[in-house]
Amino acid sequence: MADTTVTPSPEPGSGKSYGVQIAYRTLSVRADEKQTTSKSPSDPADAVSSIDVHLLSVEEVYTRYSSHPTVGLELAAVRRRERDGKNTISPPPTVYWKKGLNYIFGGFNFLMWIAFILTILSYKPLGPPLPFVLGVAVLLILVIIVSATFYALVDWNASRIMKSIKSLIAHEATVIRDGNPQIIQAADIVVGDIAVLNAGDRVPADMRVVQASSDLRFDRSLLTGESEMVPGSLDATSDNALETRNLALTSTFVVQGTCHGVVFATGDRTVMGRLVKMSGETKFKLTTIQKEVWFFTKIISCLALFFFCLSILLYGVWLRTSYPGYDTASTAIVNSIGCLTAFVPQGLPICVALSLTVVARRMAKRQVLVKNLATIETLGCMSVLCSDKTGTLTAGKMMVENIAFLNDVFAVEEINERVAKASDPAVFSAFKALHQIARLCNGAKFDATTNHLPVQDRTIKGDPTDTALLRFSEALSIPELGVETSALQKSSEKKFEIPFNSRNKWMLSVVSETSIVEEKNVESTWMLVKGAPDILFPSCSSVIQSDGTVVALTSRARQAFATLQEDWSSRGQRVLVLCRKPIQEIKSGLAPNDVEDLMYTEMCDLTLVGLVGICDPPRPDVLPSIAVIRRAGVRVFMVTGDFKLTAIAIARQVGIITQHAVDTMQDVRAAASEKVAPKDYYLIKPSDDDPIRSLVLTGEDVASLTSFDWNVIVGSYTEIVFARTTPDQKMRIVEEIKARGDNTVAVTGDGVNDAPALKAADIGVAMGSGSDVAKEAAALILLKNDFASIPVAIEMGRLVFDNLKKVTLYLMPAGSYSEFIAVLTNVLMGMQLPMNSYQQVCYCITNDVIMSISLMYEQPEWDLMQRKPRNARTDRLTDWRLFFHVYLFYGLMLWPCAMGMWFLYMKQQGLGFYDVILTFSSWGDGWKGFSIDQLTEFVYVGESIYYVTVAIGQYGTLLSVRNRRVSILQSNPLWGPRRNLLVLVGMTGTVLICIVNLYGAGFQRVFYMRPIPGMFWGIPFAFALGILLVDETRKAIVRKYPKSFIAWLAW
């Protein structure tokens, strides 16, 4: 936690400081087109083993790379070294032939290939070479080509959109060049650059550590897979470059401390670049929805193959022997292909692929980076959101609002006015000590390029709390009291520092101050400390009054400060206490760790200088966003390291806490003391009838919680604030919530201390302005820090799942039911095929697809964000309710209508029900007085009628499945919030396809399509209306009686 000074320190008063905080912000290994030619050994493993820079001394490192500890690289050297190429890692090569095979044979296409091969065999050598059979084969191969092309285009489009989002991320790093710290693009780093890294930053290139704080820690999990923090050091700890601790390697993170490093490898020549080269291609992972669809595909494919084989078996074992002449081998195969095509909802994989593009485009519009599209699907299941406070719920733009001494309180804007009005300014002498601590015990720094601007407009690198104190101290000027920043910096020199961390909750600086006493320079050494009042109060024994006099810190004074802290905290302010203590000068030559130990022993008998109240207003979009999230059935918890009262105040402002009474640990213990045997963990959640209850717990409480306590917390409370928590406790909170109630937990955060919880969550959401560690751990990054994007993402996750369910429900009644019934009646009932193989294939890949695509562009239903979150474990894409509606509701209305139209037409031709069914081989020349040509023509027209009836009848199914509960009167596709003109386009398109099929001369000649009488065009519209009206009646019952049997069956 101390800086090991390897570089000469600037002279006091010089104003120079090279400890500039890094501004590098990135998400993942940058992978661009390769722009460099490697000059290292061709074998990546040999190149890694040949690294020896870690074995050199610090001076030898500077010499080897022609760099300087304070100057860095000169501009001319940078220009020369830029010729070696950009600091980018080439992506692993894409194996295009594998992707091509996946497009061609993936999804349902392999069934189409089976159907195509069998059709070709039926054309020759199994049967006479009929144009119809060849036409079906050509159609099947066209289906395969079009599907494969479509999958490829959608995949390419989604990848292109995702790549464009990633390009929005800033890739920057801070380096020292020509003696000045500069912020540059990470891709422009060259070998020999001195990079400056701080906690939370990603290492932009391979570098040798040449200056480090004693608490330097790296996260190398991306490189090694190990989650433990690795200490950094200046000296080699191993001959192996991958194990030594004095190298900072690309794509690892600084999770604690600070360091400077000399870059020795960039781009493809880094260790990570060589590992990428060795690892080969990136493995493809299915998203959650894709897994569900793939599971559904396997079931449907097995059913299709089973019934196809059964049909062929029945022909070979029964029909061929019992009814010779009924079917030839070729005809039996072609007719049975209907089983393969009938069960294939060809539009489903297309709609899944489309959903990826729709999601990517919507996310790009909101500048939300989704690392994996599965994240969006998982967001649809989110049941608990654990949010950090500072920088996530609040704007992260802190300002000092109040100052308090033992005997006086100031608002910041009235300080100068009150000092000016005072008869003797010396009564406010305490401001000099307060200014000293606020300015010198501070980890933030101004960007030198903005020093010419007013204080409020300058760019600052540092955390929000330090930033607020830095602006305050820089702007505070009281010449009468000697309070002036420039004079303070000239007379002070920082000797040692322990940065703030989430465990200590304080920061310590040791400074030497030179003052003139009786024309002599007198040097004094101060230990300056700032931090959480509840942590530092016990270490204080004295206090400064506003006039600068020091008095003992009595219990009454402690109570006064505690009361003031509670008052400010209850108004949402973060309260810090500033302390100091004179100490002896630190002996030179002491090791940093020894100095650190010494400082810990000095952390007693501090003088309390004053309290500082810092306000950090909530983001304006948080309150309405949390209201939307809570209406969606998602519980929102605050998990913060801040003081309890501050956390509760902010939680009330943003709508996380709405109840007046807030329970505490005592209430939890009282409920848990009953020791009732816990229910199954997945049942531990508040019920709909439970009242809303609020709870606040501190980190100290969390550390003592038992399993019974957690059961009460997760199962009884809707509103929870966890305050004063450490990173480990945040992670435990997430894991305990995940383990109960089938919860899908999302975590939002922006700091290093949020990273463990972000990793542990089902969905980690990081702010774009957050640390690199947080962004790496997260699955979703809000590049504009737009909290309102979270409810949009939740809605999108639900919408994608909802629309895919609608697509499945729409496709199945006609495809896998009405068409299959046609094959079934032909094989088992001895009836002529009412829908031939061409019509089945054509319907599945044209009529059905063109209408189902419109469902993927449906807008959310009005109640989508008022439903309970989907349970990822139990609520599947296809469940028994969906199959009930497919086979016993929509499908049970559609296929009898189509079959009825077939029999009606035959009746009009003089053939009754029993003249058509169970005829088998009797259907031939002379049957019921008709010639074979007449009978064949009857079948051709009847097939076309069946085809048109199914196509138009699906209008009713399409309009029905658009809404789960709402009436079409409130959500029609032509106008209003649910307008979807693609529905009209799809319906028009399917009729046009029918017209082309029936009236196209080529289709009539090759596929035996025939024009049909006008009444058979009109009646199917009545059927469609009937299906819609029956479903509207069902929905009305569901709305009127939400707990009825009909509602229980609803999908």
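Residue positions are counted from 1 within each chain, in the order its sequence is given. It should be noted that, the model being predicted, local features are given only for residues of pLDDT at least 70 and side-chain atom pairs only at 80 or more, the latter also being counted only at that level, while totals for whole chains, interfaces and linings use all residues. Computation of side-chain values: all heavy atoms of the structure, hydrogens and water removed.

1. Description of the overall build of the protein
Turning to step 1, where the next piece is worked out: A helix here means a DSSP run of H or I that spans at least four residues, while a strand means a run of E at least two residues long, and both kinds are numbered starting from the N terminus. Helix and strand counts for the protein come out as 36 helices and 30 strands.
Turning to step 2, where the next piece is worked out: By its C-alpha atoms, the protein is 135 × 70 × 50 Å across when sized along the principal axes.
Turning to step 3, where the next piece is worked out: The classification of residues rests on relative accessible area computed with a 1.4 Å probe and restricted to protein chains. Under 20% of the type maximum is buried, over 50% is exposed, and intermediate values are partly exposed. Classification of the 1051 residues of the protein by burial places 57% in the buried group.
Turning to step 4, where the next piece is worked out: The contact criterion used is simple: two residues touch if any of their non-hydrogen atoms lie within 4.5 Å. Long-range contacts, defined here as pairs at least 24 residues apart, represent 77% of the contacts in the protein between residues at least 6 apart.
Turning to step 5, where the next piece is worked out: Each accessible area is a Shrake-Rupley estimate made with a 1.4 Å probe; only the visible protein chains count as cover when residues are assessed. Summing over all exposed atoms, the protein offers an accessible surface of approximately 43,000 Å²; the carbon and sulfur share of this is 58%.

2. A short note on the pattern of salt bridges
Turning to step 1, where the next piece is worked out: Any Lys or Arg side-chain nitrogen found within 4 Å of a carboxyl oxygen on Asp or Glu counts as a salt bridge. Overall, the coordinates contain 41 salt bridges when judged by the stated rule.
Turning to step 2, where the next piece is worked out: With its nearest N and O atoms 3.1 Å apart, the salt bridge here joins R693 to D663. Taken together, the residues R693 in the loop between α22 (665–672) and β26 (694–698) and D663 in strand β25 (residues 662–663) connect sequence positions 30 residues apart.
Turning to step 3, where the next piece is worked out: Assessed through its relative accessible area of 31%, R693 is described here as partly exposed.
Turning to step 4, where the next piece is worked out: Using a relative accessible area of 16% as the deciding quantity, one classes D663 as buried.
Turning to step 5, where the next piece is worked out: Salt bridges linked by common partners bring D802, K806, E861, D863, R867 and R964 together as one network.

3. Focus on the pairing of strand β27 (residues 719–723)
Turning to step 1, where the next piece is worked out: Among the five residues that make up β27, five are buried, leaving the element largely enclosed by the rest of the structure.
Turning to step 2, where the next piece is worked out: Of the two faces of β27, the one carrying E719, V721 and A723 and the one carrying I720 and F722 are both buried.
Turning to step 3, where the next piece is worked out: The rule for pairing is simple: two strands pair if DSSP sees at least two bridges between them. The sheet contact formed by strand β24 (residues 635–639) and β27 spans three bridges and is parallel. Within β27, the residue paired with M638 across the bridge is V721.

4. Thoughts on the side chain of H885
Turning to step 1, where the next piece is worked out: One can find H885 in helix α30 (residues 880–908).
Turning to step 2, where the next piece is worked out: Given the relative accessible area of 2%, H885 is considered buried.
Turning to step 3, where the next piece is worked out: For H885, the contacting residues outside a window of four places in its chain are L809, Y890, G891, R1034, L1049, A1050 and W1051.

5. Some details on the packing of aromatic side chains
Turning to step 1, where the next piece is worked out: Stacked, tilted and edge-to-face are the three classes assigned to paired rings of Phe, Tyr and Trp, where Trp is represented by its six-membered ring and a pair needs centres within 6.5 Å; plane angles under 30 degrees give stacked, over 60 edge-to-face, the rest tilted. Inspection of the entire model under this criterion finds 33 aromatic pairs.
Turning to step 2, where the next piece is worked out: Measuring from centroid to centroid gives 6.3 Å for F132 and F1007, while their planes differ by 75 degrees, and the two rings are edge-to-face. Placement of F132 in helix α6 (residues 131–166) and of F1007 in helix α34 (residues 1001–1007) is noted, with a sequence separation of 875 residues between them.
Turning to step 3, where the next piece is worked out: We classify F132 as buried; its relative accessible area is 10%.
Turning to step 4, where the next piece is worked out: Judged by relative accessible area, which is 9%, F1007 ranks as buried.
Turning to step 5, where the next piece is worked out: On the numbers, 6.2 Å between centres and 5 degrees between planes, the contact of F883 with Y887 is stacked.

6. A word on the sheet that holds strand β9 (residues 253–256)
Turning to step 1, where the next piece is worked out: On the basis of which strands lie adjacent, the open sheet formed by three strands has the order β7-β6-β9 and antiparallel pairing. The outermost strands of the open sheet, each flanked by one partner alone, are β7 (229–231) and β9. Going from strand to strand, the sheet's axes swing by 45 degrees on average, the running direction of each strand aside.
Turning to step 2, where the next piece is worked out: Where strand β6 (residues 217–219) and β9 come together, three bridges link them in antiparallel fashion. From the neighbouring strand, F218 faces β9, where its bridge partner is V254. The axes used here are C-alpha line fits, helices contributing only the stretch in contact, and every angle between their N-to-C directions lies in the interval 0 to 180 degrees.

7. Focus on the sheet that holds strand β11 (residues 368–370)
Turning to step 1, where the next piece is worked out: In spatial order, the strands read β11-β30-β29-β28-β12-β24-β27-β26-β25; together these nine strands make up an open sheet with mixed pairing. If you trace the sheet from one side to the other, it starts and ends with β11 and β25, each paired once.
Turning to step 2, where the next piece is worked out: Bridge count for strand β28 (residues 745–749) against strand β29 (residues 763–767) is four bridges, and the pairing is parallel. If you follow G749 over to β29, its bridge partner there is A766.
Turning to step 3, where the next piece is worked out: Across the sheet, helix α21 (residues 644–654) touches β24, β25, β26 and β27, and the angle it forms with β27 is around 145 degrees.

8. Quick look at helix α35 (residues 1015–1040)
Turning to step 1, where the next piece is worked out: Relative to the 38 Å expected for 26 residues at 1.5 Å per residue, α35 spans 38 Å between its end C-alpha atoms, a close match to the ideal helical length.
Turning to step 2, where the next piece is worked out: Taken as a whole, α35 has its buried residues at F1016, W1017, P1020, A1024, I1027, L1028, D1031, E1032, R1034, K1035 and V1038.
Turning to step 3, where the next piece is worked out: In this structure, the buried residues of α35 make contact with α30, α32 (932–961), α33 (981–999) and α36 (1045–1049). Each residue after the first adds 1.5 Å to the expected span of a helix.

9. Some thoughts on unusual backbone geometry
Turning to step 1, where the next piece is worked out: Despite not being glycine, S66 has its phi angle at roughly 50 degrees, a positive value.
Turning to step 2, where the next piece is worked out: If you trace the backbone, S66 turns up in the loop between α2 (58–64) and α3 (75–81).
Turning to step 3, where the next piece is worked out: The phi dihedral of D605 is positive, around 55 degrees, even though this residue is not glycine.
Turning to step 4, where the next piece is worked out: Among the secondary structure elements, D605 is positioned in the loop between α19 (592–601) and β23 (606–615).

10. Considerations on a nonpolar patch on the surface
Turning to step 1, where the next piece is worked out: Grouping into patches uses exposed residues only, defined as over 30% relative accessible area, and leaves out salt-bridged ones; the cut-off is 9 Å for like charges and 5 Å for nonpolar side chains (Val, Leu, Ile, Met, Phe, Trp, Tyr). Taken together, the side chains of W880, I1037, Y1041, F1045, I1046 and W1048 present a nonpolar region at the surface, about 640 Å² in accessible area.
Turning to step 2, where the next piece is worked out: Since its relative accessible area comes to 43%, W880 is described here as partly exposed.

11. Observations concerning the environment of E401
Turning to step 1, where the next piece is worked out: Structurally, the position occupied by E401 is in strand β13 (residues 399–405).
Turning to step 2, where the next piece is worked out: When the C-alpha atoms of E401 and Q573 are compared, they prove to be 8.4 Å apart, with 172 residues separating the residues in sequence.
Turning to step 3, where the next piece is worked out: Among residues more than four places away in sequence, those in contact with E401 are F410, A411, V412, Q573, G613, I614 and C615.
Turning to step 4, where the next piece is worked out: Two N or O atoms form a polar contact when they lie within 3.5 Å of each other; inside protein one atom must be a possible hydrogen donor and the other a possible acceptor, and for residues adjacent in sequence the pair counts only when both atoms belong to side chains. In terms of polar contacts, E401 uses its side chain to reach the side chain of Q573, at 3.1 Å.

12. Remarks on the packing of helix α29 (residues 837–855) against α33
Two quantities define a packed helix pair, namely the angle between the helix axes and the distance between the axes.
Turning to step 1, where the next piece is worked out: Put simply, α29 and α33 touch, their axes get as near as 7 Å, and they point 160 degrees apart. Taken as axis vectors, α29 and α33 run roughly antiparallel relative to one another. The handedness of the crossing between α29 and α33 comes out as right-handed. In this structure, α29 contributes Y838, C842, T846, N847, I850, M851 and S854 to the contact, and α33 contributes L982, V983, G986, M987, G989, T990, I993, C994 and N997. Any angle from 65 to 115 degrees is called roughly perpendicular, while one under 35 is roughly parallel, one over 145 is roughly antiparallel, and all others are oblique. By convention, the crossing between two helices is left-handed when the near helix turns anticlockwise from the far helix through less than a right angle, and right-handed when the turn is clockwise.

13. Describing the environment of T825
Turning to step 1, where the next piece is worked out: Note that T825 resides in helix α28 (residues 789–828).
Turning to step 2, where the next piece is worked out: Take T825: its relative accessible area is 13%, and that puts it in the buried class.
Turning to step 3, where the next piece is worked out: Residue contacts for T825: discarding those within four places in its chain leaves G830, M831, P834 and M899.

14. A short note on the confidence of the model for the protein
Turning to step 1, where the next piece is worked out: Looking at the protein as a whole, the pLDDT averages 85, with 91% of positions reaching at least 70.
Turning to step 2, where the next piece is worked out: Within a predicted model, pLDDT stands for the predictor's per-residue confidence, ranging from 0 to 100. Of all the helices and strands in the protein, strand β1 (residues 3–4) carries the lowest mean pLDDT, 42, while strand β20 (residues 540–544) carries the highest, 96.

15. A closer look at the pairing of β13
Turning to step 1, where the next piece is worked out: Counting buried residues in β13 gives five out of seven residues, a clear majority hidden from the surface.
Turning to step 2, where the next piece is worked out: Across five bridges, the pairing between β13 and β23 is antiparallel. Residue pairing in the sheet places M399 in a bridge with C615 of β23.
Turning to step 3, where the next piece is worked out: Bridge count between β13 and strand β14 (residues 408–411): four bridges; the pairing is antiparallel. When the sheet's bridge partners are listed, N402 is paired in β14 with A411.

16. A closer look at the nonpolar core
Turning to step 1, where the next piece is worked out: Among buried residues, the Ala, Val, Leu, Ile, Met, Phe, Trp, Tyr and Cys ones that are joined through side-chain atoms within 4.5 Å form a nonpolar core. In terms of nonpolar packing, the biggest core is built from 145 residues, with I376, M382, F787, W902 and Y947 touching the most fellow members.
Turning to step 2, where the next piece is worked out: In terms of residue count, α28 provides more of this core than any other element does, 19 residues in total.
Turning to step 3, where the next piece is worked out: In contact with I376, other than residues within four places in its own chain, are V359, M363, V370, L780, A793, M796 and G797.

17. Points about the environment of I117
Turning to step 1, where the next piece is worked out: Along the chain, I117 turns up in helix α5 (residues 109–123).
Turning to step 2, where the next piece is worked out: Separated by 240 residues in sequence, I117 and T357 place their C-alpha atoms 33 Å apart.

18. Some thoughts on the side chain of D754
Turning to step 1, where the next piece is worked out: In this fold, D754 is placed in the loop between β28 and α26 (755–760).
Turning to step 2, where the next piece is worked out: On the basis of relative accessible area, D754 is assigned to the buried category, the value being 2%.
Turning to step 3, where the next piece is worked out: Within the local environment of D754, its side chain forms a polar contact with the backbone nitrogen of D750, the two atoms lying 3.0 Å apart.
Turning to step 4, where the next piece is worked out: Non-local contacts of D754, meaning those with residues more than four positions away in its chain, are made with D388, K730 and G749.

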